[in-house]
Structures are given as structure tokens and as C-alpha cells.
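Letter by letter, the chains look like this.
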Amino acid sequence: MAKKIAIGGDHAGFSLKEPLVAWLKEQGYEVKDFGTYSADSADYADFAHPVALAVEKGEFDAGVLVCGSGQGVAITANKHQGIRAALVWDTPLAALARQHNDANIICLPARFIAEETAFECVTIFLNTEFEGGRHATRVGKIAC
């Protein structure tokens, strides 16, 4: 069964989100696009919260969020107790976000990452397992 991926982003992330949606589908993932659906000005929180909530509820296996810097969507998603959203702009960070932090949402900075690098980061993120062990102890201390 294909992994279910929730994706969203604001106007600054739109130009990267659209090819990511198509690419994820080509890779065989089941994808729900939470918007935005144009490059018109939009607030990142309006898309980060629904993606984070859907992942938090277990409706999706993972999330992808995109905004200009990646910071806004990461900050917003991490307000949700069950979410560990990681800002990623290169492949080693994508791997470590999963291996050490058990991140369940990858946040990409559309203005600072090439499309091909974004695809590579998402591939690694979705296919890397959490190492557990001492990292599980640390992740267990995140929630307030």
C-alpha cells in the first residue's frame, strides 16, 4: 500500500509545491494537496495547520510543507503536539530529521532550494527509518 502524503504551502512555496505534488504521484504516493492553489498571496498558517492536523490524527503517513524560507510552516506545524516538523534544505538534514528526530513533516524553503534537491530530500525523508534507541528517549522529551 502506498504511503499517504499530505502537502501544503503558501504563495511563496507554490512554484515548488506543484511539481512536488506531480512528482510524488509519479512515485506512487497517495497525495492530498491542502493548497494553496495559486501564487496569489496567502498565509502559510492556513495550509500548515491542516497538513499538521491531518498527520497528527494519523490520516497521513507524513507531510510536506513549503513556504519561502520553510521557517513559517515549520514553526506553525510544530505547534501541534504530535508533530515533529523539520526544516530541510539538503540531503544530510533530510536523513537526520528522520533518523534522530523521527520527524513526520518535512519543511522546504522554496526560495533557497533547487527543485531536484527538494525531490532528493523528500525521497530520503520518506524512505529513512527512525533509529530509535537513545534518540527515542530524546524525542520522548519533546512534548510539553
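Residues numbered from 1 in each chain as written. Predicted model: local features only at pLDDT ≥ 70, side-chain atom pairs only at ≥ 80, totals over all residues. Heavy atoms only, no water.

**Thoughts on the nonpolar core**
Step number 1: The biggest cluster of nonpolar side chains holds 27 residues, and the ones touching the most others in it are Leu20, Leu24, Val64, Leu108 and Val122.
Step number 2: Residue assignment for this core shows that the elements contributing at least two residues are strand S1 (4-9), helix H1 (14-26), strand S3 (62-67), helix H4 (91-99), strand S5 (105-109) and helix H5 (115-127).
Step number 3: Element by element, the count of residues in this core is highest for H5, at six residues.
Step number 4: Once you skip the residues sitting within four places of it in the chain, leucine 24 turns out to touch Ile5, Ile7, Tyr29, Val31, Val122 and Leu126. (Core = buried A, V, L, I, M, F, W, Y, C linked by side-chain atoms within 4.5 Å. Buried < 20%, exposed > 50% of the residue type's maximum accessible area, 1.4 Å probe, protein only. Helix = DSSP H or I, 4+ residues; strand = E, 2+ residues; numbered from the N terminus. Contact = heavy atoms within 4.5 Å.)

**Things to note about the packing of H1 against H5**
Step number 1: One can describe the packing of H1 onto H5 by two numbers: an axis separation of 11 Å at closest approach and a directional angle of 50°. In terms of orientation, H1 and H5 fall into the oblique class. H5 is crossed by H1, and the crossing has right-handed handedness. On H5, the residues that touch Leu16, Pro19, Leu20, Trp23 and Leu24 of H1 are Glu115, Ala118, Phe119, Val122, Thr123 and Leu126. (Axes fitted to C-alpha atoms, helices over the stretch in contact; angles between N-to-C directions. Parallel < 35°, antiparallel > 145°, perpendicular 65-115°, else oblique. Left-handed = near helix turned anticlockwise from the far one by under 90°.)

**What to know about the pattern of salt bridges**
Step number 1: Under the counting rule described, the total for this entry stands at four salt bridges.
Step number 2: With a closest N to O distance of 2.8 Å, glutamate 18 and lysine 17 form a salt bridge.
Step number 3: A relative accessible area of 0% places lysine 17 in the buried class.
Step number 4: With a shortest N-O distance of 2.9 Å, arginine 98 and aspartate 102 are connected by a salt bridge. In this pair, the class of arginine 98 matches that of aspartate 102, namely buried. (Salt bridge = Lys/Arg side-chain N within 4 Å of Asp/Glu carboxyl O.)

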